[in-house]
Amino acid sequence: MKIHLLLLAFLWPFLIHSQNQLTYQLPPQEVIDLVDAPATPTMSISPNNSHILLLDRPELPSIIDLAAEELRIGGIRIDPATNGRSRSGYSIDMTLTDITGEQMRKVGGLPINPRISNVSWSPDENYIAFTNTTDYGIELWMVDVPTAEAQKLPLPYLNDAMGSSMSWLSDSKRIIFKAIPADRPDAPAAPKFADGPLVQQSLGQKAAVRTYQDLLSNPYEEALFDYYTTSQLVVSDIYGNAMPLGEPGVIWWFSPSPDGQYVFVNKIQKPYSYIVPYSRFPQQYQIINLEGEIVRTLAAIPLADNIPQGFDAVRQGLQPVVAGGCSCYFVLG
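So, here's what we can say about the structure. Computed from a predicted model, the values in this text were never measured in an experiment.

### Section: helix α4 (residues 219–229)
Of all the residues in α4, the buried ones are Glu221, Leu224, Phe225, Asp226, Tyr227, Tyr228 and Thr229. Elements in contact with the buried residues of α4: β3 (71–73), β4 (76–79), β14 (230–237) and β16 (249–256).

### Thoughts on a nonpolar patch on the surface
The grouping of Val31, Leu34, Val35 and Leu60 at the surface amounts to a nonpolar patch, some 370 Å² of accessible area in total. Its location among the elements puts Leu60 in the loop between β2 (51–56) and α3 (63–67).

### What about the environment of Thr40?
Tracing the backbone through its elements, the reader meets Thr40 in the loop between α2 (29–35) and β1 (42–45). Judged by relative accessible area, which is 58%, Thr40 ranks as exposed. When the C-alpha atoms of Thr40 and Arg57 are compared, they prove to be 7.5 Å apart, with 17 residues separating the residues in sequence.

### Notes on the sheet that holds β1
As summarised here, the arrangement of the 4 strands in space is β1-β2-β6-β7, forming an open sheet in which the pairing is antiparallel. At either end of the open sheet lies a strand with only one pairing partner, and these are β1 and β7 (105–106).

### So, the nonpolar core
Core analysis: the largest hydrophobic core is formed by 19 residues, its most contacted members being Phe225, Ile268, Tyr278 and Phe281. At the level of secondary structure, the elements contributing two or more residues to this core comprise β3, β4, α4 and β16.

### Details of unusual backbone geometry
Pro271 follows Lys270 through a cis peptide bond whose omega is 10 degrees. With a phi angle near 55 degrees, Ala148 is a residue other than glycine that sits in the positive phi range. Mapped onto the secondary structure, Ala148 falls in the loop between β10 (138–144) and β11 (149–152). Owing to a relative accessible area of 3%, Ala148 belongs among the buried residues under this scheme. The backbone of Ser172 sits at a positive phi, close to 65 degrees, despite the residue not being glycine. Relative accessible area serves as the criterion here: at 2%, Ser172 is assigned to the buried category.

### A short note on the side chain of Thr97
Within the secondary structure, Thr97 is located in strand β6 (residues 93–98). Thr97 sits in the buried class, given a relative accessible area of 4%. Filtering out sequence-adjacent residues up to four positions away, Thr97 remains in contact with His51, Ile52, Glu102, Gln103 and Met104.

### So, the pattern of salt bridges
Counted according to the given criterion, the structure contains 10 salt bridges. Two residues, Asp65 and Arg115, come together in a salt bridge whose shortest N-O distance is 3.6 Å. Pair noted here: Asp65 is in helix α3 and Arg115 is in the loop between β7 and β8 (116–121), with a separation of 50 residues, a long-range link. Take Asp65: its relative accessible area is 18%, and that puts it in the buried class. Here Arg72 ties to Glu70 by a salt bridge, and the two come within 2.9 Å at their closest N and O atoms. Judged by relative accessible area, which is 19%, Glu70 ranks as buried.

### With respect to the pairing of β1
Note: β1 against β2, 4 bridges, orientation antiparallel. Following the sheet pairing, Ser44 is matched in β2 by Leu53.

### A word on the sheet that holds strand β5 (residues 84–85)
Pairing is antiparallel in the open sheet, where 3 strands are placed in the order β3-β4-β5. Two strands in the sheet have a free side with no partner beyond their single neighbour: β3 and β5. Looking at chain direction, β4 and β5 are connected through 2 bridges and run antiparallel. The residue of β5 that forms the bridge with Ile78 is Arg85. Docked against the sheet, α4 engages β3 and β4, running at close to 110 degrees with respect to β3.

Conventions we followed
- Residues numbered from 1 in each chain as written.
- Predicted model: local features only at pLDDT ≥ 70, side-chain atom pairs only at ≥ 80, totals over all residues.
- Heavy atoms only, no water.
- Buried < 20%, exposed > 50% of the residue type's maximum accessible area, 1.4 Å probe, protein only.
- Helix = DSSP H or I, 4+ residues; strand = E, 2+ residues; numbered from the N terminus.
- Contact = heavy atoms within 4.5 Å.
- Patch = residues over 30% accessible without salt bridge, like charges linked within 9 Å, V, L, I, M, F, W, Y side chains within 5 Å.
- Areas by Shrake-Rupley, 256 points an atom, 1.4 Å probe, with all protein chains shown as cover.
- Salt bridge = Lys/Arg side-chain N within 4 Å of Asp/Glu carboxyl O.
- Pairing = 2+ DSSP bridges.
- Core = buried A, V, L, I, M, F, W, Y, C linked by side-chain atoms within 4.5 Å.
- Axes fitted to C-alpha atoms, helices over the stretch in contact; angles between N-to-C directions.

Structure (structure tokens):
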């Protein structure tokens, strides 16, 4: 018995050392072939139903994707390195074909190791806009459909942290997108210590509040939320000639008018809340023209932290409408 214990004590450092040298191991080839089998591509049909864009997807997310830093603030999850959504899916290749599926053309000029998202056809079907997520930001790219060639536009990085990130104008020659402001400084640094207590007041009101995840919890997270969600609307032609549109703000979503003369903009306002996500923060609805001038402020909706329970309950200032199986809202202003 003593000999066995002595032998184990002698071998123990070597066992620890050998375990520390382990790396990821591969399973049998049959399992590798099963896991790495090509995924079924997704497709996007052009507005006039004449072309199909096939989008190849990766089989599984990589360890790099899963290990990326993630901020969970205000009810959203952000990748701070790219200023986009964290853990979001993407495509890795593009193929064009006609509606019959007979004339297949691989899209050329794609970036190396692409991460393709936000694919959008121009109304005339001559172009396809898409974003490519790099290690440092989100780029805007354009595909010329007749030639099946892609190119990067010389534009600032996009802000894709929340809501819509880009939309075509009706002339098919211009596109509006949310950009990271050009003069944005470095991200706020975490405070080394608290300079006071965190106090929340109920003010004597009763309200049924659901349990939400990833909420704001302190002023530092409020500063992070502002930093990563603030964007500048930019209008650009298909060659990358761009100009800013209006003032920067926490823009949730936007939508150009059918005639391409105006843009409907939804902005998140302060004060923020620590008990509900950003979708219930105060909001402002505006119509601006393509010079960035405010044509009309439709509504200013207050914080909605006291909505009654029930799936048909809505915040003050919004009227629910159900159409085609989709719940929509009209602004009452």
